[in-house]
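Commentary on secondary and tertiary structure
Listed below are the residues making up each chain.
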Number of protein chains: 2
Amino acid sequence: MEHKSISLADQVFERLENDILTGVYARGEILNEMKLVADLGVSRTPVREAVKRLEQESLLEVSAKGITVLGVSAKDLQDIYELRLHIEGLAAAEAAKNITEEELAELKEALDLQAYYAEKHDAGHIKYMDSRFHQLIYRFSGSRVFYDTLLPLHKKVQKFRGASVENHSRASSSVQEHQAIYEAIAAHDADRAEAAMVLHVQNAKNHIKV
Amino acid sequence: MEHKSISLADQVFERLENDILTGVYARGEILNEMKLVADLGVSRTPVREAVKRLEQESLLEVSAKGITVLGVSAKDLQDIYELRLHIEGLAAAEAAKNITEEELAELKEALDLQAYYAEKHDAGHIKYMDSRFHQLIYRFSGSRVFYDTLLPLHKKVQKFRGASVENHSRASSSVQEHQAIYEAIAAHDADRAEAAMVLHVQNAKNHIKV
DNA sequence: TGTTGTATAATTGTATACAATAATACAGGA
DNA sequence: TCCTGTATTATTGTATACAATTATACAACA
């Protein structure tokens, strides 16, 4: 039994990041450490660590006034898609070149689960599996640089995908597009994987509700 | 007199980042907080903050064994150029659209200084001004997303540019390329700015010594 | 009314003591 | 010799007291 003990600071970071990205804390809202200490039931130290990391991601800004929630603006969203449109295809191409059989099975499982939940109209799980599929590709690209660059961009899009995953037609198109990407990667066809990914990001962009 | 008091944590962060990127701390080396406390003459708190931020940039990795220096590998370098080749042109294009007269003057000054130091074969200052030119363009793109994405990539390349700035021929080519980028931006010609930047990144990539 | 100086309060910044965890060294036995 | 369990040590994780800075409220004055 290997219990990887996850630190309080990491837990706070994940919870806080999620709360910012899902709108629990609104853009422009001003928090402070003691409020977060009270909300989360831990001391200032892990709170500060999490806040500083989120500040580096431009999700928060710390000043003497307090901790301002920056979150993700509509312009940020546009810029994120503009970037992803140009580089996410590269990650898919690299994954097609480098992926192992084991990793391929992991990717397939994420895809199958997404299809399953799409069939059941389970928006929450669809969104999770959709994210997982993309994040696995970042990992399997075999490039820490790609991973570190794309992951924060992808995470910030979360909140805005609510509408599209609840749209059954778009949800099943998304599954099909993932399917195409998966097949290209499984065939180790880098060019096709790249093209399929670019197409998918373009479609996702067009279905975003700001 | 406005003295923006910069925190110890920020100072430690900058110094540590620089020391990792310039090789003062070698890749694979294992540090620990107390050693850094001794080296830097501050308490654990600001050291920890800096270390955690650097961990998030994948320059360090913290475990029970200590603080491992990850730094930037040859593969990282390749991947960074691959990404920059695809997105740095976009930043230049945005800058061409959005830049103000004041900002343009700032960019011009960085360019002129780089030319001045190139003439004097002052490698240290060439490098600094070269970096500054690129970072100003990230800022003037008007996109926090572009800035946050490109800046860490750019910073990581520093160490590997030593050879190219010391090569007089390359140093003056670089100035000319920056000149072309500047002129396109000054003319608010987005397409030309993008093309000039892509060309420049490609040339820089070809002159990197790994 | 507006502005400027000043006292107060709120907030983050820093240092440090203590806790928890994991790595290491080493002894004992198969 | 190799493995395994265990004590020790080294390291990071957490809480908290105190310092420094900045924002804020308000009074005095022009």
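Residues numbered from 1 in each chain as written. Chains lettered and ligands numbered in written order. Predicted model: local features only at pLDDT ≥ 70, side-chain atom pairs only at ≥ 80, totals over all residues. Heavy atoms only, no water.

Right, let's talk about the pairing of strand β2 (residues 60–63) of chain B for a bit. Residues and elements named next belong to chain B. Note: β2 against strand β3 (residues 66–69), 4 bridges, orientation antiparallel. Looking across to β3, one finds that Val-62 is bridged to Ile-67. Count of turn residues in the β2/β3 antiparallel hairpin: 2 residues. (Pairing = 2+ DSSP bridges. Helix = DSSP H or I, 4+ residues; strand = E, 2+ residues; numbered from the N terminus.)

All names here are of chain A. Overall, the coordinates contain 2 aromatic pairs over all chains when judged by the stated rule. For the pair Tyr-116 and Tyr-117, a centre-to-centre distance of 5.3 Å together with 65 degrees between the ring planes defines the contact as edge-to-face. Across from the ring centre of Phe-13, 3.8 Å away, lies the NZ or CZ of Arg-53, which sits over that ring. (Phe/Tyr/Trp six-rings, centres within 6.5 Å; stacked < 30°, edge-to-face > 60°. Lys NZ or Arg CZ within 6 Å of the ring centre and 35° of its normal.)

Attention shifts here to the relation of the copies chain B and chain A. Mapping chain B onto chain A leaves a residual RMSD of 0.0 Å; the transformation is a rotation of 180 degrees accompanied by 0.0 Å of translation along its axis. Expressed as a symmetry operation, the mapping of one chain copy onto the other fits a two-fold axis. (Least-squares fit on C-alpha atoms with pLDDT ≥ 70 in both.)

With that out of the way, let us pick up the pattern of salt bridges. Residues and elements named next belong to chain B. Applying the stated rule across the entire model yields 37 salt bridges over all chains. Between Glu-33 and Arg-48 there is a salt bridge whose closest N-O contact spans 2.8 Å. Here Glu-33 is found in helix α2 (residues 33–40), whereas its partner Arg-48 is found in helix α3 (residues 44–56), with 15 residues between them in sequence. Its salt-bridge partner being Arg-170, residue Glu-177 comes within 3.0 Å of it at the nearest N-O pair. On the basis of relative accessible area, Glu-177 is assigned to the buried category, the value being 13%. (Salt bridge = Lys/Arg side-chain N within 4 Å of Asp/Glu carboxyl O. Buried < 20%, exposed > 50% of the residue type's maximum accessible area, 1.4 Å probe, protein only.)

What follows covers the protein's contact with DNA strand C. If you check the shell around DNA strand C, you find 21 residues, and the closest are Arg-44 and Arg-48 of chain A together with Leu-8, Ser-43 and Thr-45 of chain B. Restricting the count to atoms of DNA strand C within 4 Å of the protein gives a sugar and phosphate share of 65%. Take Leu-8 of chain B: an N or O atom from its main chain is 2.6 Å from a phosphate oxygen of DNA strand C. Between DNA strand C and Thr-45 of chain B, the relevant distance is 2.3 Å, taken from a base nitrogen to a side-chain nitrogen or oxygen of the residue. Of all the secondary structure elements, the ones that give two or more residues to the surface near DNA strand C are α3 (44–56), β2 (60–63) and β3 (66–69) of chain A together with α1 (8–21) and α3 of chain B. Here the surface near DNA strand C is built from residues that sort into 8 nonpolar, 6 polar and 7 charged. (Near = heavy atom within 4 Å. Polar contact = N/O pair within 3.5 Å; in protein donor to acceptor, adjacent residues only side chain to side chain. Nonpolar A, V, L, I, M, F, W, Y, C, P; charged D, E, K, R; others polar.)

Ranked by size, the top nonpolar core spans 120 residues in total, and within it Ile-185 of chain A together with Ile-185 of chain B carry the most contacts. Leave out the neighbours within four places in its chain, and Ile-185 of chain B touches Ala-92, Ala-95, Ala-96, Ile-99, Leu-104, Leu-107, Ile-137 and Ala-193 of chain B. (Core = buried A, V, L, I, M, F, W, Y, C linked by side-chain atoms within 4.5 Å. Contact = heavy atoms within 4.5 Å.)

The next point concerns the protein's contact with DNA strand D. Neighbouring DNA strand D are 20 residues; Leu-8, Ser-43 and Thr-45 of chain A together with Arg-44 and Arg-48 of chain B lie closest to it. Considering DNA strand D, the proportion of its atoms within 4 Å of the protein that are sugar or phosphate atoms stands at 65%. Here a base nitrogen of DNA strand D sits 2.3 Å away from a polar atom, N or O, in the side chain of Thr-45 of chain A. Between DNA strand D and the protein, one listed contact pairs a phosphate oxygen with a backbone N or O atom of Glu-33 of chain B at 3.1 Å. Looking at side-chain class alone, the surface near DNA strand D contains 8 nonpolar, 6 polar and 6 charged residues.

This paragraph deals with the domain arrangement of chain A. For an interface, size is often stated in terms of accessible area lost upon the parts coming together. Residue and element names in this part refer to chain A. If you check the domain split of chain A, you get domain 1 (8–69) and domain 2 (74–207). Each of domain 1 and domain 2 has a C-alpha centre, and the two are 28 Å apart. Summed over both sides, the interface of domain 1 with domain 2 buries roughly 540 Å², with 52% coming from carbon and sulfur. Together, Glu-17, Leu-21 and Glu-57 form the three largest contributors to the area buried by domain 1 at its contact with domain 2, with a combined 65%. A salt bridge links Glu-17 to Lys-155; the shortest N-O distance between them is 2.9 Å. Here domain 1 is connected to domain 2 by 2 residue pairs in polar contact (both at pLDDT 80 or more). (Domains from an automatic or database assignment. Buried area = accessible area lost by both parts, 1.4 Å probe.)

All names here are of chain B. Mapped onto the elements of the fold, Val-165 is located in helix α8 (residues 162–166). A residue is classified by how much of its surface remains accessible, and Val-165, at 11% relative accessible area, is buried. Each residue touching Val-165, except ones within four places of it in the same chain, is listed here: Ala-123, Ile-126, Lys-127 and Ala-171.

Quick look at the interface of chain B and chain A now. Contacts between the two partners involve 26 residues from chain B, matched on the other side by 26 residues from chain A. Both faces combined, the contact of chain B with chain A buries some 2400 Å², and carbon together with sulfur accounts for 59% of it. Per-residue buried area on chain B facing chain A is highest for Gln-56, Leu-83 and Val-145 of chain B; these three make up 24% of the total on that side. Taken together, the connections running from chain B to chain A amount to 4 salt bridges. Notably, a salt bridge pairs Lys-52 of chain B with Glu-49 of chain A, separated by 3.7 Å at the nearest N-O pair. On inspection of chain B and its partner chain A, the count reaches 10 residue pairs in polar contact (both at pLDDT 80 or more). Looking at the side of chain B that touches chain A, the elements that each hand over two or more residues are α3, α4 (74–98) and α7 (144–157) of chain B.

Take the layout of surface pockets next. As a volume, the second largest pocket reaches approximately 230 Å³. For the lining of the second largest pocket, the secondary structure elements donating two or more residues are α3 of chain A together with α3 of chain B. Grouping the constituent residues of the lining of the second largest pocket by class yields no nonpolar, 2 polar and 8 charged. (1 Å grid on protein atoms, 1.4 Å probe; cavity = no way out; pocket = protein on both sides within 12 Å on 5 of 7 lines; lining within 4 Å. Points joined across faces, edges and corners; volume = space filled by probe spheres on them.)

The next point concerns the side chain of Ser-58 of chain B. With respect to the secondary-structure elements, Ser-58 of chain B resides in the loop between α3 and β2. Every residue in contact with Ser-58 of chain B, bar those within four places of it in the chain, is listed here: Arg-144 and Asp-148 of chain A together with Leu-70 and Gly-71 of chain B.

A word on the sheet that holds β3 of chain B. Residue and element names in this part refer to chain B. Read across the sheet, 3 strands follow the order β1-β3-β2 without closing on themselves; strand pairing throughout is antiparallel. A strand with exactly one partner marks an edge of an open sheet, and here the two such strands are β1 (30–31) and β2. Against the sheet, α3 makes contact with β2 and β3, and its axis sits at roughly 115 degrees relative to β2, the strand it touches most. (Axes fitted to C-alpha atoms, helices over the stretch in contact; angles between N-to-C directions.)

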